[in-house]
Each structure stands twice: as C-alpha cells, then as structure tokens.
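Listed below, chain by chain, are the residues.
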Amino acid sequence: MVTTRRSAAPLLLLLLPAALLALPQVLPRFHIYVAEIVLLTALLATSLNLAIGYTGLYQFGHAVFYGIGAYGTALTLTRSGMPAPVAFLAGPLAAAALSLLIGLICIRLSKLYFGMLQISLGSLVWAVVYRWYSFTGGDDGIHGIPLPDAIGSPKGSYYFTLAVTALCVFAMYRIVRSPFGKVIQGIRDNPVRAAAIGVDVRLHQLAVLVIAGFFGGVAGSLFVVVENSVFPDMMFWTFSLEVLIMCLLGGMYTFFGPFVGASAIVLLRVFASVHTRYWSLLLGTILALVIIFLPDGVLGVFVRRPRKREAPDA
Amino acid sequence: MMDFAANLFSAGTLSQILVGLSRTTILFIVSSGMSLILGVLRIPNVAHGSLYMIGAFAAWSVIQFLGGGLFAFLAAMLVAPLIVAAVGFVLERGFFSYLYEREHLMLLLLTFAFMLILGDLVKIVWGPEYRSVTVPSFFQGSAEIFGLPLPWYNLFLLIVGPCIAVFLWLVINRTNLGKIARAAAVDGEMVGAVGVNVGWVFAFTFVLGSFLAGLGGALIAPMVNISLGMDHSLIMETFLIVIIGGLGNMWGALLGSLIFGLTQSLGILVWPQFGIAFPYLAVVAVLVVRPRGLLRSTW
Amino acid sequence: MLDVESVVKSFDGFKAVDGANLRVDAGEIVAVIGPNGAGKTTLFHLLTGHLSPDSGRILFKGKEIGGLPPHVICRRGITRSFQVANIFPRLSVFENVQIAVLSRERKTFRIFSPVAGMAKEEVDRILRSVGLFDRRDVESDLLSHGEKKVLEIAVALGGNPELLILDEPTAGMAPEETERCIRLIRKLSEESGLTILFCEHDIALVFEIANRIMVMVRGVTVVQGSGEEVRRNSEVQSAYLGESGEC
C-alpha cells in the first residue's frame, strides 16, 4: 500500500544485508553491542506498529510484553532444566498469552480507554515482578543468565540477534501484506464498514494483539542474549511510550518507519549519554518537535499520499 | 485465622484506614485535576505527575525562602500551586492548544514529551538529590482517635480533602465559568458558536487542573521524600482512578480515589507483599461490570 | 425473504421507529420512502445489526436476525451500502472490493499469503459490472462523491449477498450519475436476480424501478404496496402535501 521510492529499494536491498553481516568483523565490541540493541529495539517497535499503525489500537503498554518475553526466557534458562530452544519459545509465548489476557479485558473499551487500561494493567504486572523478590529477583532483576556457547559470545549473540530479527521482521512483513494485514487496516480506517462486510472486528483485533505481543516477547528474549540479564524497568510504562515515540518518529503508516525510528532513538541515546545527563530533555524536545512539525514521521515525509499506481500493490 | 480476623477488625486497622484515607485526599485532589482536564479538554495529561512533582519542589523552595514555620508552610500551600498553575498556563496556551484538532494519541504523546522535558528541568533547577520538608510544629504530634494516635497532619489532610471537593463543586456547578466549561466538555463547537471564547475556557480548565496537581504535590511534601520519580509513580494511580470513576467526572474522581486508597490500605494489611495489586484488581472488577467507569463519564 | 414485524426502536424516549412493517420477497426491488426523519435509516440500521430493536421481529429467510451483530448478519446474506459514503479511504478501489470478497471467502485470517492479486477475477467482475474498472487502482479517498457511492455498492456486492440494502444510493449524485445508478440497480436485479431494498428521497426514481414501495411516516409504516396503491393512499398524499415531486 505504501512503499519506499522504487529507485532506492534495490540498492538498499544489496548494501544493507552486506553491511549487517560484515559488521562484527569490522567494528569494536561496543559498537556490536549497540547494533544488537538497535536490532532488537527495531523489532520491538515494528511489533508495536502492527497494533497501533496497522490496526489503530491504542497500544500504550507494549513494553510489558517485551519484559515478560525477557523474563519468561530468563526464568526458563535459570530455573527450569529446559534446554535453550524451549526458553526462547517460552518467553514469546508467555508474552502472547499475557497479550491475549490483557486484550480480552481491554478490548471492549474504545481507543483511549483501551490504552489507559492497558498501560495500567501493564503497571500491575510491573509491580508484581518488582515485588516478587523470591521468584523474579525483584528490583535487582536476574543476572548472569547462562546461554549456550554459540550465542553467548559477542559475535555469536550478534548473528543470533540479526537472524532472529530478520526472520521476525520478514514474518511481520508477510503478515502485513496478507489478507489479514489488509483486513486489520480496514478495521483501522473504518471498523463499521469492516463489520458490515462480515469481519468479526474484535476477533481480528485480539489476533493482532497476540501477534504483536508475541513478537514483542521475541525482542525481549533477544535482550537476554545481548545483556545476559533482565530487570523490571524493561516493562515500565515510560518505556512503552518511548517505543511509541520510535514508531511515531519513523512513521506509523509505513512498515519500516518504526525500524528507522528505533534506530534513530537508540543511536541518539547512546551518543547523547556520552555528552549530556539530560537525555529525557532531549528526547522530549525531539518528540515535541516531531509531533508538531512532522506528524507523519520521518519516512512519512517521503511517502505522504500514494498516488495512482500501475498495479495493485500492498 | 482468629488472629487474622481479630487483626483485621482492630482499632489498629481503623487507624490504618484513616491514614490511608488522608493519603487518599492527595490522590483525590490530583485526580480531580486530571479528571477536569480529561473531561473538558479530552487530554490524558501524562505531564500531570510532573506538575505534581513541581508543586512539591516549589513548596520546598518557598518554605526555604521564608525560613520555615507555620506561616511559610501555609504560604507554600498557596504559592506552590500558583507556580504550577502558571506552568500549566504556558503549556496549554503555548503548546497543547495548537493540537486540539489532532487525534488523542498525538496529544497524549505531546504531554508525555513534556513530562520528559519537565522532569529534566526539575533536575536542572533543583538538582538530583531529594529534598524534605518537615511538618511545621503546629501540626506535629498526634491526635487520639479511637484510642490510637493519628498524626495531626493526616487529620489536617482529612479536613482539607472534603473542603477542596466542596470548593470544586461550587466552581463547576455554581459559577458561570464552571457551567460553560461543563458545556464545552459536552459540545465544544456549540459553545464556541454561541460566542464564548472557548480558548479561554480551555485555558482556565487546564490552569485549574494544574493548580490542583500542584496543590497535591505541596500537601504531600511533608510526608515523603521529594524526589525525581514522583512524577512516574503518581500518574498510573491517577489514570486508574479516573478510569474507575468515569472520565471527566469529579465525583468519580472522589469515588475512585476512595476505592483506590481503601483497597490499597486493606490490601497491604492483608497481604503486605502484593497488597499493592488490590486496587488494580478492583479496577478490573469495576470495568468488567461497568466499562465506562462507575459514574457518568463525559465521553 | 425478509419479514419485519412491528419493530420499535427508541433513543432516550424518542421513538425513531414505532411499528414498522416490511416484506421483501426474493428477486424484488423494494423501496422505502418517507419524509425526513421518518426513521428509514434507523430501520436499515436495525436490519443490518448496527442497532438492536426494542421490540418486534426481523426475520430473514425465516430466522430471527434482530439484535445480531453486523458481521453475523452479513454472513447470513445481507449486505448494505451506507448513506454517507463509508469506504476504506486508504485502500484502492480494487482493494476495497477485494477485502469484501476475501471476507466472504473466509480468508481473513490468512497471514502468510500475499494479498496482491487475490480474488482478482471476482473483484474485476464486480468492478466491471458497476463501471469502476478503470479506476481500480485509485486510492478510494480520491474518488468523486458519486464514484464513492458506486464503490459502496461494489463493496456490498463483494459479499455476494442474497439481499442488498442500499441507503440512499443516489444521494448527492449528479443527474448522469443518478441515471447510471438506476441502470445499475436494474441490471443487478435482472441479471443476477438479486433482491434489493433501498430507500430514497428521489420519488421519481423510486416509482421508476421499484416493484413495491413501503412508506414510512414518523417511524410508522403507513402503507406497503405497488406504485399505484401507494399513489392512491390518502395518508401518503397528505404526508407529501407541499412537497414537490410527482406522487
């Protein structure tokens, strides 16, 4: 439906993967770490955008799925005897299940109410995790999580993160271009019309929430790989809104907008943390400027209104 | 089991409840401010917590400036909220009012942007360490309620709360400005069409809501460490309260605050580690039965 | 096919529909007319599940449908167009109809197949029959008002309905567009035997194509019958007294 300019696409398609694959051979360790954070945050933002940009749901509490995905994986790795692959499935599945549960509670509410309640329920989960010292480590979090050697090393973790992110983003891309993807966009633009053509709006919205929660959980489990630890603030509500900012900055109505936005914010934060103590001030100012002047986000500047095209293209 | 029951119904519980209620006062004051803004302007003001925090810090500064004592304290209770109201005025007229035509999501994110900005501005102005305000000697010590001590300051709060409620009710229902604001909450366009300068009505509402947030912060100053991070913790509770009570309904804010405060106090009594979850469960229970909140919402 | 019996719907005490009766037989074209505020659109909302009746029965092919949600009613075989053009603005003309077809084919949960080109033949056929084929790639928000109303009909057709309900299909259309719309409605009825129920303000149009007409005044069904019967009915005459239009 909305595409980047055709001339840029083939070039990007060649250069980007090459650069991404070559990265760890070329850059110092800290930069590899930053790249990993960029990738998983971009995955998180893209998963959020499924709910908010494509379906129009006011998903204000997305960070909780990220956090539960991380904790699910971390706890499975540290407490159960299960092998790593199970752990990396357990986290996202837990996130998806939680997403379904919260979705069922909130779905009857419209728009803002939905968002406010979701963020509040997310805070509840945060509070429980924060206080359940014996199980979750409380405000200390969990550290020194054991990982299989292949993905524990700096290069290994990078390639793992890259592979999983690429796979998940590709999956979401396919979803967005599928009948389901079209229907949820229809629901976003005109839920009354969607119902009138036979679409069970609530059911589809719940499905999106589960999918978005799942992929958010995957991003969380990738964090475990990158950092070897988890902590409660991963699911704090301010982070939910930060991820929302990433989607907004990059452009909520494009597929790669959130990716761009997440990359920008993560890189900015890394850069800014070296030079200033006032990251919140910087982020807040950028956000305010984007909202006031660039409501369609950065990519939105290039992709405002798609005009008449040759063939139907999603 | 008998011990537990005896515990629950003892005078200790009662005094716990009263203490809980006095904290509820603060919640109510802040929530009513948010409810006002939400109801009339349709803005879920995430920066509300920041305003609350500024109120606390400003109160500290006023008391420092005036050298402590009862007079300084009372002055702070008035001046700090006024400072916050001024900040609110700048926010509303300078930024938010330009985006009323946009979707709620944008406005909410803009208020979040200001929460970030104000948070760091507070850090710049007051520094990162926490401050404290001592209760003025007039309020020190405790009264005897049900044979158990209840700090005078808590009693003071228990009295202030209803006074504010009455004051707000008068403003909203008995003044012209209040009536216009209520009308604007229901149908802003019509009010504008009748010749009222809706802009000033909105500004007034936001300023009043900000004043209340600042007042809440000033009032709680003697009871807590005044620190950065006060903005984060309060805002979720406020959201929950206005959701339970019905968006935009002031009595809803009162009811919501009571439910929230009481379930929290009782929860902590019954299950100290996770009692904090009780209000959330109450919210879920309420919303399953009445999705729009307990009282009529203006939405 | 459709039986509406004594349906009542009020809003906060105001009775928008207060005893409506309607019968539509298979293959017919039935029109509902009445002065403004007669409750026509409310009745249509009741038929398609956007509102629930307070009392009365709505039977479609013998089964009660009153109070069912819109998507269920659509699956039973009733689709509609809306009075104010209600399409998916960000999707193209093709995609608008496509989504309706895919919904009917129960493919809305397919997440891994690309949607581009799905149901192409079906969608193209519908677009051709309504005359929007050469606009198929245009973003529907950019269409003219008249084209949007036709798109509405195309989307409703995507659901392969047994009963097609059109809410003021020619409202706001220029004369030639209205002509084309009338021809389209006739064609749909004659070629596919589609049962059509519509409401209109344009009385001449109604008398031109409707087999039977139901007249509503202030929420009540006054008469239902052929054009002649309606013309002769005294209540109808008094209701329309003062209104221009050939009655």
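Residues numbered from 1 in each chain as written. Chains lettered and ligands numbered in written order. Predicted model: local features only at pLDDT ≥ 70, side-chain atom pairs only at ≥ 80, totals over all residues.

A.B. asks: Explanation requested: the nonpolar core in the structure shown.
C.D. replies: Considering soluble globular proteins, one finds that nonpolar side chains tend to be buried as a cluster. A:Leu43, A:Met235, B:Ala56, B:Ala59, B:Val84, B:Leu109 and C:Ala154 are the most contacted members of the largest nonpolar core, which has 273 residues in total. Looking at which domains feed residues into this core, each of domain 1 (1–77 + 162–247) and domain 2 (87–160) of chain C gives three or more. The residues touching B:Ala56, leaving out its near neighbours within four places in the chain, are B:Gly217, B:Ala218, B:Ile220, B:Ala221, B:Ile226 and B:Met230. (Core = buried A, V, L, I, M, F, W, Y, C linked by C-beta atoms within 7 Å. Buried ≥ 20, exposed ≤ 12 C-beta atoms within 10 Å, placed from the backbone. Domains from an automatic or database assignment. Contact = placed C-beta atoms within 7 Å.)

A.B. asks: Help me understand the domain arrangement of chain C in this model?
C.D. replies: When the parts of a complex come together, some accessible area is lost, and that lost area is often used as the size of the interface. Residues and elements named next belong to chain C. Here chain C is partitioned into domain 1 (1–77 + 162–247) and domain 2 (87–160). On a C-alpha basis, the centroid separation for the pair domain 1 and domain 2 is 25 Å. Taken together, the eleven residues of domain 1 in the interface contact nine residues of domain 2. Elements represented by at least two residues in the side of domain 1 that touches domain 2 include exactly strand S7 (163–167) and helix H6 (175–192). Ranked by the residues each element gives to the side of domain 1 that touches domain 2, the list is headed by H6, at four residues. For the side of domain 1 that touches domain 2, the class distribution of residues is eight nonpolar, one polar and two charged. (Helix = DSSP H or I, 4+ residues; strand = E, 2+ residues; numbered from the N terminus. Nonpolar A, V, L, I, M, F, W, Y, C, P; charged D, E, K, R; others polar.)

A.B. asks: Would you explain the interface of chain C and chain A in this entry?
C.D. replies: Counting residues at the interface gives 39 residues for chain C and 30 residues for chain A. Listing elements by their share of the side of chain C that touches chain A, those giving two or more residues are helix H2 (70–76), strand S6 (78–81), helix H3 (93–104) and helix H5 (145–158) of chain C. Looking at the side of chain C that touches chain A, the element that brings in the most residues is H3(C), giving seven residues. Across the side of chain C that touches chain A, the residue classes break down as 20 nonpolar, ten polar and nine charged.

A.B. asks: It is not clear to me how the interface of chain A and chain B should be interpreted in this structure. Could you clarify?
C.D. replies: Taken together, the 32 residues of chain A in the interface contact 28 residues of chain B. For the side of chain A that touches chain B, the leading source of residues is helix H5 (residues 111–131) of chain A, giving twelve residues. When its residues are assigned to classes, the side of chain A that touches chain B shows 23 nonpolar, six polar and three charged.

A.B. asks: Just to check I follow, could you spell out the arrangement of the chains for this structure?
C.D. replies: Between chains A and C lies the most contact-rich interface of the two pairs of chains that touch. Chain B makes no contact with chain C; the smallest distance between any of their C-alpha atoms is 15 Å.

A.B. asks: Would you explain the sheet that holds S7(C) in this entry?
C.D. replies: Backbone hydrogen bonds are what pair the strands of a sheet, in a parallel or an antiparallel way. Residue and element names in this part refer to chain C. Strand order in the open sheet made by the six strands is S6-S7-S8-S3-S9-S10, with mixed pairing throughout. Every interior strand has two partners, whereas the edge strands, S6 and strand S10 (220–225), have only one. Going from strand to strand, the sheet's axes swing by 15° on average, the running direction of each strand aside. Sheet topology places S7 next to strand S8 (residues 195–199); five bridges connect them, and they run parallel. Bridge assignment links leucine 166 to a residue of S8, and that residue is phenylalanine 198. Each of strand S3 (29–33), S6, S7, S8 and strand S9 (212–217) touches helix H1 (residues 40–47); the most contacted strand, S7, lies at about 150° to it. (Pairing = 2+ DSSP bridges. Axes fitted to C-alpha atoms, helices over the stretch in contact; angles between N-to-C directions.)

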